[in-house]
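Below are the chains, spelled out letter by letter.
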Amino acid sequence: MSIQDEKKLYSEAEVIPTTCNTHCGGTCVLKAHVKDGKIYRLETDDTEEPQLRACLRGRAFRQRVYAPDRLQFPMKRAGARGEGKFEHISWDEALDIIARELKRVYETYGPLSILYRGGGGNLSVLNSSQSIERLLNMLGGHTRIWAYASFEGGIAAALATYGTWFEAGSKEDLLNSRLIISWAWDPANTIGGTNSSWFLAQAREKGIKIISVDPRYTDSTATFASQWIPIRPGTDAAMLVAMAYVIIDRKLQDQDFLDTYTIGFEKFKEYVTGTEDGIPKTPAWAEAITGAPAASIEDLAVSYATTKPAALLCGIAPGRTAYGEQYHRVAITLAAMTGNIGIHGGNPAGRVWTGGIGGFPFVKVGGQVLGMPNPADKGTSRRKNYIKNYDEKAISEVQIHAADVADAILKGKSGGYPTDYKVLYTVNASYPNQNLNINKAVEAMEKLEFIVVHEQFMTPGAKFADILLPISTLFERNDVTAGYGTPAHHGFMNKVIEPLYESKSNFEIAVALAARMGLSDFSNKTEEEWLRDIVGHSTVPDYDEFKKQGCYKIKFPEPYVAFKEQIEDPDKCTFPTPSGKIEIYSQQLADINDPLIPPIPKYIETWESKNDALAEKYPLQLITTHFKRRAHSQWETIPWLRELAEQVVSINPVDAGTRGINNGDEVLVYNDRGKMIIKARVTERIMPGVVDIPQGAWYNPDEKGVDRGGSVNVLTRDKSSPCGSFPSNTCLVQIEKA
Ligand SMILES: Nc1nc2c(c(=O)[nH]1)N[C@H]1C(S)=C(S)[C@@H](COP(=O)(O)OP(=O)(O)OC[C@H]3O[C@@H](n4cnc5c(=O)[nH]c(N)nc54)[C@H](O)[C@@H]3O)O[C@H]1N2
Ligand SMILES: Nc1nc2c(c(=O)[nH]1)N[C@H]1C(S)=C(S)[C@@H](COP(=O)(O)OP(=O)(O)OC[C@H]3O[C@@H](n4cnc5c(=O)[nH]c(N)nc54)[C@H](O)[C@@H]3O)O[C@H]1N2
Ligand SMILES: [Mo]
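Residues numbered from 1 in each chain as written. Chains lettered and ligands numbered in written order. Predicted model: local features only at pLDDT ≥ 70, side-chain atom pairs only at ≥ 80, totals over all residues. Heavy atoms only, no water.

Asker: Requested: an account of the site of ligand 2, with residues and values cited.
Answerer: Among the 33 residues in the neighbourhood of ligand 2, the closest are listed as Cys 24, Asp 214, Asp 236, Arg 630 and His 632. In this structure, His 626 approaches ligand 2 through a side-chain N or O atom, which is 2.8 Å from a nitrogen atom. In isolation ligand 2 has 900 Å² of accessible area, and contact with the protein removes 98% of it. Class assignment for the residues of the shell around ligand 2 results in 14 nonpolar, 12 polar and 7 charged. (Near = heavy atom within 4 Å. Polar contact = N/O pair within 3.5 Å; in protein donor to acceptor, adjacent residues only side chain to side chain. Areas by Shrake-Rupley, 256 points an atom, 1.4 Å probe, with all protein chains shown as cover. Nonpolar A, V, L, I, M, F, W, Y, C, P; charged D, E, K, R; others polar.)

Asker: Explain the site of ligand 1 to me, using residue names and the numbers behind them.
Answerer: With respect to spatial proximity, 33 residues lie near ligand 1, and among them Ser 430, Gln 434, Glu 455, Ser 633 and Asn 713 are the closest. The separation between a nitrogen atom of ligand 1 and a polar side-chain atom of Thr 624 is 2.8 Å. Among the residues making up the shell around ligand 1, the classes are represented as 7 nonpolar, 22 polar and 4 charged.

Asker: Account for the packing of helix H10 (residues 236-249) against helix H14 (residues 294-306), naming residues and giving values.
Answerer: Direction vectors running N to C along H10 and H14 enclose 65°, while the axes themselves pass 9 Å from each other. Two packed elements cross with a definite hand, and for H10 against H14 that hand is right-handed. Of the residues in H14, those touching H10 at Met 239, Ala 242, Met 243, Val 246 and Ile 247 are Ile 297, Glu 298, Leu 300, Ala 301, Val 302, Tyr 304 and Ala 305. Residue composition of the contact of H10 with H14, grouped by class: 11 nonpolar, no polar and 1 charged. (Axes fitted to C-alpha atoms, helices over the stretch in contact; angles between N-to-C directions. Helix = DSSP H or I, 4+ residues; strand = E, 2+ residues; numbered from the N terminus. Left-handed = near helix turned anticlockwise from the far one by under 90°. Contact = heavy atoms within 4.5 Å.)

Asker: Got a sec to walk through the packing of aromatic side chains? Specific residues and values, please.
Answerer: Taken as a whole and judged by the stated rule, the model has 17 aromatic pairs. Taking 5.7 Å as the distance between ring centres and 40° as the angle between the ring planes, the aromatic pair formed by Tyr 148 and Trp 165 counts as tilted. A residue pair is termed long-range when its members are at least 10 positions apart, and Tyr 148 in the loop between strand S7 (143-146) and helix H6 (152-161) and Trp 165 in the loop between H6 and strand S8 (179-183) qualify at 17 residues. Look at Phe 492 and Tyr 543: their rings are 5.7 Å apart centre to centre, the planes differ by 80°, and that puts the pair in the edge-to-face class. Here Phe 492, found in strand S18 (residues 489-493), pairs with Tyr 543, found in helix H21 (residues 543-549); they are 51 residues apart in sequence, far enough to count as distant. Residue Phe 492 is classed as buried on the basis of its relative accessible area, which comes to 0%. Classification of Tyr 543 by relative accessible area gives buried; the value is 8%. Following the ring pairs from residue to residue traces out a cluster consisting of Phe 61, Phe 475 and Trp 635. A cation over an aromatic ring shows up here: Arg 134 above the ring of Phe 522, its NZ or CZ 5.4 Å from the ring centre. (Phe/Tyr/Trp six-rings, centres within 6.5 Å; stacked < 30°, edge-to-face > 60°. Buried < 20%, exposed > 50% of the residue type's maximum accessible area, 1.4 Å probe, protein only. Lys NZ or Arg CZ within 6 Å of the ring centre and 35° of its normal.)

Asker: Lay out the pairing of strand S16 (residues 467-470) with the relevant residues and their values.
Answerer: The alternating pattern of S16 places Ile 467 and Leu 469 on one face and Leu 468 and Pro 470 on the opposite face, and all of these are buried. As paired elements, strand S4 (residues 75-77) and S16 share 2 bridges and run antiparallel to each other. When the sheet's bridge partners are listed, Met 75 is paired in S16 with Leu 468. The sheet contact formed by strand S15 (residues 450-455) and S16 spans 4 bridges and is parallel. The residue bridging His 454 from the neighbouring strand is Leu 469, located in S16. (Pairing = 2+ DSSP bridges.)

Structure below.
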């Protein structure tokens, strides 16, 4: 196109604002330039700062909308399961088959035999996984999968210790800190709420010291931090306990804070000092476990205790290890010991990923609108290993942990699960790619009678569908989303173009299926009416203006600080725990009576640690990080993003050297669960003994069953942690030249 033609196009185009929200933890402004029903350009926020600027993925969305590999029609399986052979069928036929199969399975086996796998593919209100969930609930219920893969350990820790899992503060409050400890957090790549890195950049410019604790020297560490402390995966609780030792040993704890707001510090102290078990948890003790130098541990502890206010920002990746709950519990305890909770510039050391303050905790929308209780959970007993004050919906014994799905399908009733599973219905999720131990999940898929997948692309999971439905992208439907980032905001997701091909939204499909299945009361509103209703329940003042602007930014008089009320007025405002205090000792946990769920936080060595007998065979600890070119498995085939970074295994020169591996070599990564051939990047940016393969690449086995797609879950173990963590960072492997 000539420059003149392009200029003409720009001047004639309509600019429609919408909101990108594809499972990276940010919600960003996208402005689509549209002419004749086609998007030809995307821009982002250019209003006053802080702007909600989209990242490289959002900016590449045009290639995703118009990708040649998008699913176009409903399809029916025409070959073996997983073979990926399909025939094109009509919507009527597809919906008829689903309605017929669901009816048959409900009648023959009952609601629990239907496993529903919702995911985070699209995090809006109307087109999230909730519409199909509502449908299944109206039909009699289903088996819910529980545990947030992201941060279930952090939730368990927060519930036990603070009594709530909402521990968010505004990111701009970081600028009030004097020290920021960034523990396993790489927002330059993983966003963590729009603008997280922007605030770290400002903090650095302001001279606020930033220290990073991570097995990798990340882009965020390189850009913002003045010090990097490498640490072995899964050992974080040990380092934090040793920091507590230093603080106690030097009498640096804020005893007034502990006396006023917490219970159980004395018991924790007995454990830390060794009164309880004869082992003082000194920095030297922790160095042997963590690999972090004792002197660094000591210095960090002293800095944290003496530089007030200081923010301990706890990333959630260490929570995704075996016993990851303990890491979060000790971190909160340290924040209490240093009196950094409820004050500007401090941080409660809960999950740094706690949701935007413009988000759901402030505007309880979708859940009340489309959500409804699952009849299949009714009357069932609660999970024994769970904190009592957790959301009623999530604690039934009949629910299946996200790590146990394949096991449950394979073993069913005879394996102690509540029933035999017959149907898998997948919406907004990439199952089994995003689940632990893919090879086992692939085996499990064979056992099912019927699989439905809603998808945009022929993903590894889509290939296993019996009925595969093509889904529109967020540019092709209207929706709203609770913002995740700073400034706090709500996003309107405007429909920008008509749905491409024959694609439909999850909501439209739910409505159509409900009609076919005789549910006249599924939805009494149109899309527009639903959205007006949802927005009417929020703090957004004017629906039409919101839709027109695409975004509503909320102005707070000052940065929001979690637990400020409790700290400022402890008599009037208590923590929602049984004691009303921050529970360093938790009677609720003690009552569970499981040594692996101790009432005070403790370091518990993970399975598949470097000391495990298995380490003789598989000596490298594998971590599975979140990658800049994807959001999980999304964007994997998009050319602009593939150019950005290669899917590789990162390995330290020490480990590569002993194996004769050079940078760029093809290597075999393996353990008893699976094998993968992938290119190696030899780099000092990862500590010795640890290797990293970014999670989310597409499972692509060759004829020998060796994965060629770089899909890390062929290696991970499908076992959940006692309090529910999804331990995707606890995994031993060996590597050799391929
Ligand atoms: N080893 C390892 N495994 C992990 C992790 C890890 O760190 N390591 N991380 C875990 C975490 S934290 C998470 S949150 C999960 C994520 O697991 P998932 O939520 O399953 O991951 P996504 O890749 O985002 O899958 C979303 C799918 O939805 C599709 N999709 C997008 N938009 C729509 C839509 O509007 N409608 C429908 N129906 N589909 C849509 C996308 O094409 C994509 O295939 O993965 C977990 N798995
Ligand atoms: N680009 C992109 N952004 C994303 C996503 C994505 O897929 N792509 N996914 C989104 C979602 S749903 C989630 S849940 C978040 C996840 O966000 P995070 O969990 O923060 O992301 P990760 O990259 O898995 O891990 C962050 C850092 O922790 C380190 N790490 C791993 N294991 C350990 C450990 O045991 N101890 C310590 N100290 N460090 C460890 C890693 O080296 C990495 O640098 O990211 C969100 N943002
Ligand atoms: Mo996640």
